[in-house]
Amino acid sequence: MAEVVLTDVTKMYPGDVKAVDCVSLEINDREFVVLVGPSGCGKSTTLRMVAGLEDITDGTIRIGERVVNGIAPKDRDIAMVFQNYALYPHMTVYKNMAFGLLLRRQHGAWDNTLGFVVAHGKWKRAREERREIDARVQEAAAILGIQDLLHRRPRALSGGQRQRVAVGRAIVRKPKAFLFDEPLSNLDAKLRIGMRAELKRLHRQVQTTTIYVTHDQEEAMTLGDRVVVMKDGIIHQCATPYDVYERPTNRFVAGFVGTPPMNFLGGRVVRESGGLFFADGSNRLAISTRHEPLLKPFEGRDVTLGIRPEMLHLQTDGSENCRMSSQITVVEPLGDRTDIYVSTPDHPQIICRVEGRPRVEEGAALALQVDMDRVHFFEPGEDGRNITLGD
Ligand code: ADP
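Residues numbered from 1 in each chain as written. Predicted model: local features only at pLDDT ≥ 70, side-chain atom pairs only at ≥ 80, totals over all residues. Heavy atoms only, no water.

1. Here's the deal with the packing of aromatic side chains
- According to the stated counting rule, one finds seven aromatic pairs in the structure shown.
- Pairing Phe32 with Tyr212 gives two aromatic rings, centres 5.8 Å apart and planes at 40°, and the pair type is tilted. Taken together, the positions of Phe32 in strand E3 (residues 32-36) and Tyr212 in strand E8 (residues 209-214) put the pair 180 residues apart, joining distant regions of the chain.
- Of the residues examined, Phe32 reaches a relative accessible area of 2% and is grouped as buried.
- Pairing Phe180 with Tyr212 gives two aromatic rings, centres 5.6 Å apart and planes at 40°, and the pair type is tilted. In this pair, Phe180 is assigned in strand E7 (residues 177-181) and Tyr212 in strand E8, connecting sequence segments 32 residues apart. (Phe/Tyr/Trp six-rings, centres within 6.5 Å; stacked < 30°, edge-to-face > 60°. Helix = DSSP H or I, 4+ residues; strand = E, 2+ residues; numbered from the N terminus. Buried < 20%, exposed > 50% of the residue type's maximum accessible area, 1.4 Å probe, protein only.)

2. Things to note about the site of the ligand
- Every residue close to the ligand is listed here: Tyr13, Val17, Ala19, Pro38, Ser39, Gly40, Cys41, Gly42, Lys43, Ser44 and Thr45.
- In this structure, an oxygen atom belonging to the ligand sits 3.0 Å away from a main-chain N or O atom of Gly42.
- Residue Thr45 places a side-chain N or O atom 2.5 Å away from an oxygen atom belonging to the ligand.
- When the ligand is considered free in solution it has 560 Å² of accessible area, and contact with the protein chains removes 59% of it.
- Of all the secondary-structure elements, those providing two or more residues to the shell around the ligand are strand E2 (17-27) and helix H1 (43-51).
- If you tally residues by element for the shell around the ligand, the top one is H1, at three residues. (Near = heavy atom within 4 Å. Polar contact = N/O pair within 3.5 Å; in protein donor to acceptor, adjacent residues only side chain to side chain. Areas by Shrake-Rupley, 256 points an atom, 1.4 Å probe, with all protein chains shown as cover.)

3. Some remarks on the packing of helix H2 (residues 93-104) against helix H4 (residues 159-172)
- Contact geometry for H2 and H4: axes closest at 8 Å, N-to-C directions at 30°. On the basis of their axis angle, the class for H2 and H4 is roughly parallel. In this structure, H2 meets H4 at a crossing whose hand is right-handed. Along its contact with H2, which presents Val93, Asn96, Met97 and Leu101, the element H4 presents Val165, Gly168, Arg169 and Val172.
- Class assignment for the residues of the contact of H2 with H4 results in five nonpolar, two polar and one charged. (Axes fitted to C-alpha atoms, helices over the stretch in contact; angles between N-to-C directions. Parallel < 35°, antiparallel > 145°, perpendicular 65-115°, else oblique. Left-handed = near helix turned anticlockwise from the far one by under 90°. Contact = heavy atoms within 4.5 Å. Nonpolar A, V, L, I, M, F, W, Y, C, P; charged D, E, K, R; others polar.)

4. Topic: H4
- Taking 1.5 Å as the rise per residue, H4 with 14 residues should run 20 Å; its terminal C-alpha atoms sit 20 Å apart, in good agreement.
- Counting buried positions over the 14 residues of H4 gives eleven, a clear majority of the element.
- Those residues of H4 lying buried are Gly160, Gln163, Arg164, Val165, Ala166, Val167, Gly168, Arg169, Ala170, Ile171 and Val172.
- Where H4 terminates, the next one or two residues include Lys174, which has phi positive at roughly 45°. (Expected span 1.5 Å × (residues − 1).)

5. Thoughts on the sheet that holds strand E5 (residues 66-67)
- Sheet architecture is open: four strands sit in the order E2-E1-E4-E5, paired in antiparallel fashion. If you trace the sheet from one side to the other, it starts and ends with E2 and E5, each paired once.
- Bridging between strand E4 (residues 58-63) and E5 involves two bridges; their strand directions are antiparallel. Paired with Arg62 across the bridge in E5 is Val67.
- Along the sheet, H1 contacts strand E1 (4-13), E2 and E4; its crossing angle with E1, the most-contacted strand, is approximately 115°. (Pairing = 2+ DSSP bridges.)

As structure tokens, then:
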């Protein structure tokens, strides 16, 4: 087991494509870190550089005590699980899992002609190694619940079972780190959720440093001890799932994490009758005393108000200065909760998520109470800084 440390790592592809831009990241021993971001943000390239499958243009990568920049993938002591599983179709599950270890075995039983005594000694050692390999395969199979599948070939397995074998092949190696590249994206939604929980349990059990790549923010949030949100080859935030959700560093992170996504309303900070307000054409919302000192410097300036769907309430018993008038466009019942899509003259779509089954009708007017203590304010622009976090 080991920590993995990236320092100012950059990757240029031919054609002047900067896939990864000066990324620094410290992954602690035994930690589960998820790299997440939209397609093309550089997450796979980052993982592949750790694996040694891509050269590093600039910077250093260290695994444990060793800088691995110039070290071949097979000598990095890492195990990678890919999206397509990459199982050998002609081998049984057992052989698929044992194969990597067999390749590493230094001593074949009769691999030289130096005479019986030498060969006999090697044979004994080979037998011990085979026992060790068998024990490791059986142990991994037991952890993953695939003992009954060891004699099967991959084509006789379901997607979920193949995925388990691919993970099993990584576990038997007892590597310093696991690298997962979108390992669940070929599975259907239900199975994906099941495997997600299994991977989490597995990590708790084997406690190996893990770097996991996905484009799915929900997968990232549920799996990671820490989540690294990337865009355009840059890390925008690296924090625990709760921090990323509750304290997004900028508008991009705030919008990327959370379903339904955060609502963004463009407007201006204005001062009226001694207080600070957020105003767009049709709404005037009082900025809470908690946020006032941070918003003061923005008086008269444009900002973006970020409201998560659960920060909008139907009970309008709070301050009138925190209320928004809207019209319901769509009601989506989800069983235990309901998503209500509304519009205002300035914003064609705002999503509100409420518990249970509210009595609301499409087309009707709806007053929404905004939890102004919990909203966020961002500087203008796609990646606008979260003003509410302070400096
Ligand atoms: P992600 O995994 O986040 O989808 P990648 O790491 O695969 O993103 O790619 C990051 C950027 O690098 C993208 O713009 C992609 O088009 C580019 N890229 C990836 N591989 C190559 C390659 N072999 N040659 C040129 N450009 C590449």
